[in-house]
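Report on the structure
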Amino acid sequence: CLPRNMTDESLYKEENENPQKTTAYRRMERVFKTEFRPRGKNKRLVKIPLNKEQLDQLIRFPCSHDSETISRDEMTASSFESRQHHDIVDVTDQVLQHATQFLQFFSNNESIYANYMNHPSQWKIYALKSIHGGFYFIKNVFEPHHEFYWTQRCLKDYAKAPNKTNMDLHLGPQRESTWNLYHDAITRGDQSHAKKLHKQLTKTTWCTLGYQYEWTSRKYIRTRHAQFPLDASQMCTIIANVAGVHPYTPEAAIVNFYHENMRMGGHKDESEETMEKPIVSVSFGSSAIYLLGGDTRDEIPRPILIESGDVMVLGGEARMWYHGIARVLENSCPEYWKPKHHTGEMEHIATLFYCENRRINMNVRQVYDDDGDISCGKVDG
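A few points on the structure. (Residues numbered from 1 in each chain as written. Predicted model: local features only at pLDDT ≥ 70, side-chain atom pairs only at ≥ 80, totals over all residues. Heavy atoms only, no water.)

This part takes up the pairing of strand β6 (residues 135-139). Across the five residues that make up β6, a large majority, five, are buried. Along β6, one buried face is formed by Phe135, Phe137 and Lys139 and the opposite face, lined by Tyr136 and Ile138, is buried too. Between the antiparallel neighbours strand β5 (residues 124-128) and β6 lie six residues, among them Gly133 with a positive phi of about 85°. Strand direction decides the pairing type here: β6 and strand β15 (residues 311-314), joined by four bridges, are antiparallel. What sits directly across from Phe137, in β15, is Met312. (Buried < 20%, exposed > 50% of the residue type's maximum accessible area, 1.4 Å probe, protein only. Helix = DSSP H or I, 4+ residues; strand = E, 2+ residues; numbered from the N terminus. Pairing = 2+ DSSP bridges.)

Shown next as structure tokens:
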């Protein structure tokens, strides 16, 4: 399933015409539907913030640091800050105790924790009481410089050939990422070309890593793949191992680039042969409302707030459930992502401005039961 623009009212037309056929999943999507109102002399459409009723339905996992990552524009009810959902349970000690052998193995590689992520001993790991194993929501996996690293990797290195992007259909395989071309144009002072590339950048909504997913046939083809990035493989392997999944071989990923008016409809990820292996989902930038449903669309989904740096492990029964993104929250980047905190480097400034009202999600999975034909490449960033 691909991100879609929420300003398109036709997405909801079907429900308005057939209210009795509306599923529980669809009804929850409509609860958090982004609505707009005109503002100013030009009647520019602006988002209507979440109200208290909407906020009270959200599951927000506790943050282990002081940064506030949901905007004041969206958070209209102060009670939302301190309220912990009754379904949340902290399983950090329990999970880390069972992951001792993996922690000892990965502790020997200090570069992983210096460049990619925090050591698992610093994580906060949660589960939901209503889900019987396999689902974990993990906080404090990344420091701000880790988040910047992964954002740069997605924009600069992943969204280009031999990986596929949605822009290939219009422009052909992208030998160089649009982000790098855009940054070069800015550096040269070529404003006209930079403006054109910026428009192209905003239209880039996904890229695929490793085994290239065929959207039409909804399957993977063994002969169509690129090397899976070594750094992303190491990061996701550690996360899966700590979550109790071993062995785990990251073989494919979809990187989604959301702007603030995009959503993703409810869908299942069921094209992989290894459904017993979880999906590892990592998010950066703006916050979003994630809907985790059930085996059918008739089951009421759980609305979960995902913030920058959050990690989800979708395994067990949740691996086969419907899920999607109902809404990206405006002005919800954490304080350290604000452009005013730039280092002075042009690329850092450009990245912060890009992420100010955008979300990047990388969801990784193992595709085949065997090792297949794929191997991890070098870290080329």
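There is more to say, and it comes next.
According to the stated counting rule, one finds 10 aromatic pairs in the structure shown. On the basis of an interplanar angle of 55° and a centroid distance of 6.1 Å, the ring pair of Trp179 and Tyr182 is categorised as tilted. Taken together, the residues span about one helical turn, with Trp179 and Tyr182 both in helix α10 (residues 178-188) at a distance of three residues. Its relative accessible area of 1% is what places Trp179 among the buried residues. Given a relative accessible area of 14%, Tyr182 falls into the buried group. With centroids separated by 5.8 Å and ring planes inclined at 80°, the aromatic side chains of Trp179 and Tyr354 adopt a geometry described as edge-to-face. Here the residue Trp179 occupies a position in helix α10, and Tyr354 occupies one in helix α13 (residues 346-355), the gap between them amounting to 175 residues. Tyr354 shares its class with Trp179; the two are buried. Ring-pair connections join several aromatic residues into one group, and the members of that group are Phe61, Tyr126 and Phe137. Here the basic side chain of Arg222 rests over the ring of Tyr368, its NZ or CZ set 3.8 Å away from the ring centre. Over the aromatic face of Tyr354 sits the side chain of Arg358, whose NZ or CZ is 4.6 Å from the ring centroid. (Phe/Tyr/Trp six-rings, centres within 6.5 Å; stacked < 30°, edge-to-face > 60°. Lys NZ or Arg CZ within 6 Å of the ring centre and 35° of its normal.)

Turning next to the side chain of His267. If you trace the backbone, His267 turns up in strand β11 (residues 262-267). Here Gly265 takes part through its backbone oxygen, which lies 3.0 Å from a polar atom of the side chain of His267. (Polar contact = N/O pair within 3.5 Å; in protein donor to acceptor, adjacent residues only side chain to side chain.)

Time to look at the pairing of strand β13 (residues 288-292). Across the five residues that make up β13, a large majority, five, are buried. In this sheet, strand β14 (residues 302-306) lies alongside β13 in antiparallel orientation, the contact comprising five bridges. By the bridge assignment, Leu291 is partnered in β14 with Pro303. Taken together, the five bridges between β13 and strand β16 (residues 323-328) define a ladder with antiparallel strand orientation. Along β16, the bridge assignment pairs Ile289 with Arg327.

Applying the stated criterion to the full structure yields zero disulfides. Between Cys154, a free cysteine, and Cys207, which holds the nearest cysteine sulfur, the sulfur-to-sulfur gap is 6.7 Å. As a non-bridged cysteine, Cys333 has Cys355 as the owner of its nearest cysteine sulfur, 6.2 Å distant. (Disulfide = S-S within 2.5 Å.)

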